Amino acid sequence: MKAKALRDAFGEALVELGRENEDVVVLDADVAGSTRTKMFGDVYPDRFFNVGIAEANMMNIAAGLAACGKIPFVSTFSFLACLRAGDQLRTSIAYPRLNVKVGAGYGGLSDSFDGPTHHSLCDIAVVRSMPNMTVVVVSDPNQTKKAVKVVAAYDGPVYLRLSRAEVPYVLPEDAPFVLGKGNLLREGSDLTLVVAGVPLARTLEAADRLAKEGLQARVIEMPTIKPIDREILVQAARETGAVVTIEEHNIMAGLGSAVAEALAQEAPVPMEFVGIKDTFCESGPYDALLDRYGLSVDDIVAAAKAVLGRKS
Amino acid sequence: MSSQELIQDLKERARQLRRDVVEMVYRAQSGHLGGSLSAAEIVAALYFHQMRIDPQNPQDPNRDRFIPSKGHAAPILYAALAARGFFPREDLWTLRQVGSHLQGHPDMRKTPGVDMTSGSLGQGFAAGLGMALAGKLNGQDYQVYCLLGDGELNEGEIWETAMAAVHFKAHNLIPIVDFNKVQLDGPVSEIMPIEPLRAKWEAFNWHVLEIDGHDMNQVVEALAEARRLDRCVVIIAHTVKGKGVSFMENRHQWHGQPPNEEQYRRAMEELGGGQE
């Protein structure tokens, strides 16, 4: 299957965006070569600020630029964006609702060989509990390009979780990206798989395996973690009676929790959570880490069967 | 107005601001006095003389900006904004109360005239740099003034900003250090010394103007000089924490403590001359 690194899709999208909108500025903290914001910097040097290894400073500079009408994209590794610069993001961007877009690179385990210091498995938990924040997790190259444009057009702070990984083109090319909307990718009536981010391809593979066993899984891709699409979730829970969430994040306080929060009030059903089980991981090849730490296709299939066993 | 009349007028403004600060914190029974009183001359000179602002158009894109990066000095900013007519003076007595637009620390979305939300130390200076860069990109000639606390200089982010501002040639960004020598837990020289302060800024390639921050002549001249020079300029203003109220001066206990009724009366007497 044709594939592209999501960071490349991000870099290309920023260049296109820069051409369309003069107010777009990009800031990076000495990882522009890695996150691919260098592509923007090469074309628009006047609108590109490499602030050096100073993520906190970068976040506040972006706040000031936004307060004067610019549309800043700040780019760094996601664990730094949400933790090193987390207070800056909360206090100076989320609280005053400034129009800053955080391009959170290297999400999840995608910086796999650099190890747990560079893995990012609690970022969704942190940013989604900040009022005013919109949280987006992209899952394929086309969608990444669309998401960049859409979040740029939205007036308010957005955390856009990206990835270093090369990811197949999973979604149809004409699949729309609408903030706050989930994508129904496959119909099914036995259970629902809700997925965000890179594990989308693995989730579809798991759905195929379940189908071969006669189990029809509905598949919903949920690129906007916040505000979450309650409507599509409640309908799926009522119609299928069981939900499994799949995410490249600690199973605590990420997508799974957001789905559970939505469903607990309106349509509680048995749930299982596929993701990193509250542990630090280790260095290694990306796919091997996903397999070893709970995100294999087998893990998704097993969770589906477990949740079906609990379905009344 | 002759320059002598201007200085007299600004001195009187500073005195009035101090009275409003003490009254605000007394009525709220909460708020930061010491670091508001030390900055009275600086804030008076900015809001009644130096800054290009229009209370009728607080969002004017070409206005000068002011960010108290030491956001706990909110009372002195609120006093100045009220005196300039950004909102009614009566609002001052709602400080820190439910429903008030005057938060414990400045909120740009609630208070007319507040240019940036601040209060988590170390951040306002960098936000000011962002505003300065936006002005340069847009070809606007506004200035961005940032009031830094001396204790705040303990924060590493301040020095990240100091590095970056020079690198990006943000000559329209003017930090003013309210060097009152006292932080929350005690003297700066004991808690986390920042001397030699002038040498630190110079080592970061800043031009330093060192003044007595309570001498209005020096404050006014330094602000004009900083605007005139086409390079990164920092004003180090030597001040006294709690300035103007004898029993508050130089005492860290008055960093964030409200006065009781007797202390309030004594303070207002010392700040004197008031028809209120």
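Everything discussed here concerns the structure shown above.
(A) Spotlight on the overall build of chain B. In terms of regular secondary structure, chain B is built from 10 helices and 7 strands. Reported as C-alpha extents along the three principal axes, the dimensions of chain B are approximately 50 × 45 × 40 Å. A total of 276 residues make up chain B; the buried ones form 59% of that total. Across chain B, contacts joining residues at least 24 apart in sequence account for 76% of those joining residues at least 6 apart. Mean positive and mean negative side-chain charge positions of chain B (28 and 36 charges, respectively) differ by 2 Å.

(B) Quick peek at the interface of chain A and chain B. Facing 25 residues of chain A, the contacting portion of chain B comprises 24 residues. In total, about 2,000 Å² of surface goes out of reach between chain A and chain B, with carbon and sulfur atoms giving 62% of it. It is N57(A), C68(A) and Y95(A) in chain A that bury the most area against chain B; as a group they hold 26% of the surface buried on that side. Here chain A is connected to chain B by 0 salt bridges.

(C) Quick look at the sheet that holds strand β12 (residues 224-226) of chain A. Residue and element names in this part refer to chain A. What the 7 strands build is an open sheet, ordered β3-β2-β4-β5-β7-β6-β12; its pairing is mixed. Edge positions in the open sheet fall to β3 (48-50) and β12, since each of these has one partner strand only. With direction set aside, neighbouring strand axes in the sheet form an average angle of 20 degrees. Inspection of the sheet shows strand β6 (residues 134-137) paired to strand β7 (residues 158-161) by 4 bridges, in the parallel sense. What sits directly across from V137, in β7, is R161. Those strands touched by helix α1 (residues 6-20) are β2 (24-28), β4 (71-77), β5 (101-105) and β7, and its axis lies near 165 degrees from that of β4.

(D) The arrangement of the packing of aromatic side chains in detail. Residue and element names in this part refer to chain B. According to the stated counting rule, one finds 11 aromatic pairs over all chains in the structure shown. Residues W159 and W201 carry aromatic rings whose centres are separated by 5.0 Å and whose planes lie at 50 degrees to one another, so their mutual orientation is tilted. Pair noted here: W159 is in helix α6 (residues 156-167) and W201 is in helix α8 (residues 197-203), with a separation of 42 residues, a long-range link. For the pair W159 and W201, one class covers both residues: buried. When the centroid spacing of 5.8 Å and the interplanar angle of 70 degrees are considered together, the rings of F247 and W254 count as edge-to-face.

Procedures and definitions
Residues numbered from 1 in each chain as written. Chains lettered and ligands numbered in written order. Predicted model: local features only at pLDDT ≥ 70, side-chain atom pairs only at ≥ 80, totals over all residues. Heavy atoms only, no water. Helix = DSSP H or I, 4+ residues; strand = E, 2+ residues; numbered from the N terminus. Buried < 20%, exposed > 50% of the residue type's maximum accessible area, 1.4 Å probe, protein only. Contact = heavy atoms within 4.5 Å. Lys, Arg positive; Asp, Glu negative; His and termini not counted. Charge placed at Lys NZ, Arg CZ, Asp CG, Glu CD. Buried area = accessible area lost by both parts, 1.4 Å probe. Salt bridge = Lys/Arg side-chain N within 4 Å of Asp/Glu carboxyl O. Pairing = 2+ DSSP bridges. Axes fitted to C-alpha atoms, helices over the stretch in contact; angles between N-to-C directions. Phe/Tyr/Trp six-rings, centres within 6.5 Å; stacked < 30°, edge-to-face > 60°.

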